[in-house]
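# Overview (structure and organization)
Spelled out, the chains give:
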Amino acid sequence: MKRGLTSFLLFLTLMLALPNLAHAHSHQESSSPAENEEVTAPLDEITVTFDSGIASGNMTVTNNTTGEEVEPDSIDVESTVMIASFNEALPNGEYVVYWENIGDDTHHIDGEFTFVVNVEEEAEEESTVEEDMTEEESTEEATEQETDLEQDQAETETAESGSAVLWISIILAILFIGGLIGFVVSRKKKN
């Protein structure tokens, strides 16, 4: 009986642990611009969102129309999001974005997606006017974006910690019930 209980507990532990191992890697959840999207507004930022946390990442952007690689001015990694920023809007053309990351689980994952930038000349002129914003306005926007990002991060961390606590509680409850069953069975054998 004790052997059967031990086998059952081992089986139960594996059943709870294996789904988490299967979903451990950080896979691309979405991107902006999306796969095969035609962008008609000036674009100076590319975002890739993953389904779990990433520790570091890199992004290569190539204009397939000209064959030139466009170097991002910065690549920021925040929790589950990787953002490549450019000082100037990307010129019209077809682009391939190749990304790679190292997930929180230390596994290397990579992928790619394409999109097209097709901005009309008038929109490009409006972009130039927008670039002439005062430094104060851009600082305010940056502060708002940082605040929003910090709030999103805090919510994500809270959700992730809540999930871990839930799993630990479930495992402890199962172990407690298994121990209780083992205790009851051993007491019946003695009587």
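Per an unreviewed UniProt entry, the chain is named CopC domain-containing protein, and its organism is Alkalicoccobacillus plakortidis. Per UniProt, the chain carries the Subcellular location (unreviewed entry) text "Cell envelope".

## Things to note about the overall build of the chain
Helices and strands together make up the secondary structure of the chain, namely three helices and nine strands. Within the chain, buried positions represent 23% of all 191 residues. Total accessible area on the chain stands at roughly 13,100 Å², and carbon and sulfur atoms take up 54% of it.

## So, the packing of aromatic side chains
In this description, an aromatic ring pair is defined by two values, namely the gap between the centres and the angle between the planes. This model, assessed by the stated rule, comprises three aromatic pairs. Centre to centre, the rings of F50 and W99 are 4.9 Å apart; their planes meet at 70°, and the pair counts as edge-to-face. Taken together, the residues F50 in strand β3 (residues 45–50) and W99 in strand β8 (residues 93–103) connect sequence positions 49 residues apart. Taken individually, F50 and W99 each receive the classification buried, so the pair is uniform in this respect. An angle of 15° between the planes, with centres 5.5 Å apart, marks the rings of Y95 and F115 as stacked. You can see Y95 sitting in strand β8 and its partner F115 sitting in strand β9 (residues 108–117), a full 20 residues away along the chain. Put simply, the rings of Y95, F113 and F115 pair up and form one aromatic cluster.

## As for the sheet that holds β8
Taken in spatial order, the five strands line up as β2-β9-β8-β4-β5 in an open sheet, and their pairing is mixed. Taken across any chain shown, the strands that pair with only one partner, and hence form the sheet edges, are β2 (37–39) and β5 (68–70). Taking the axes of each pair of neighbouring strands and ignoring which way they run, one obtains an average angle of 30° across the sheet. Pairing of strand β4 (residues 54–63) with β5 involves three bridges; the strand directions are antiparallel. Bridged to T62 within β5 is E69.

## Here's the deal with the sheet that holds β3
Spatially, the four strands line up as an open sheet ordered β1-β3-β7-β6, and their pairing is antiparallel. Both edges of this open sheet fall to β1 (28–32) and β6 (74–78), since each of them pairs with a single strand only. For this sheet the average axis-to-axis angle between neighbouring strands, irrespective of direction, equals 15°. Looking at chain direction, β1 and β3 are connected through four bridges and run antiparallel. By the bridge assignment, S30 is partnered in β3 with T49.

## Considerations on the pairing of strand β7 (residues 81–85)
Burial analysis of β7 places five of its five residues in the buried class, the great majority of the element. Alternating positions in β7 separate into two faces, V81, I83 and S85 on one and M82 and A84 on the other, with burial throughout. Where β3 and β7 come together, five bridges link them in antiparallel fashion. Residue V48 lies in a different strand from β7, and its bridge partner there is M82. Inspection of the sheet shows β6 paired to β7 by five bridges, in the antiparallel sense. Residue pairing across strands places V77 opposite M82, the latter belonging to β7. In this structure, the hairpin formed by β6 and β7 is closed by a connection of two residues, where S79 is found at a positive phi of approximately 55°.

What counts, and at which threshold
Residues numbered from 1 in each chain as written. Predicted model: local features only at pLDDT ≥ 70, side-chain atom pairs only at ≥ 80, totals over all residues. Heavy atoms only, no water. UniProt positions renumbered as here; feature names shortened; annotations may be inferred. Helix = DSSP H or I, 4+ residues; strand = E, 2+ residues; numbered from the N terminus. Buried < 20%, exposed > 50% of the residue type's maximum accessible area, 1.4 Å probe, protein only. Areas by Shrake-Rupley, 256 points an atom, 1.4 Å probe, with all protein chains shown as cover. Phe/Tyr/Trp six-rings, centres within 6.5 Å; stacked < 30°, edge-to-face > 60°. Pairing = 2+ DSSP bridges. Axes fitted to C-alpha atoms, helices over the stretch in contact; angles between N-to-C directions.

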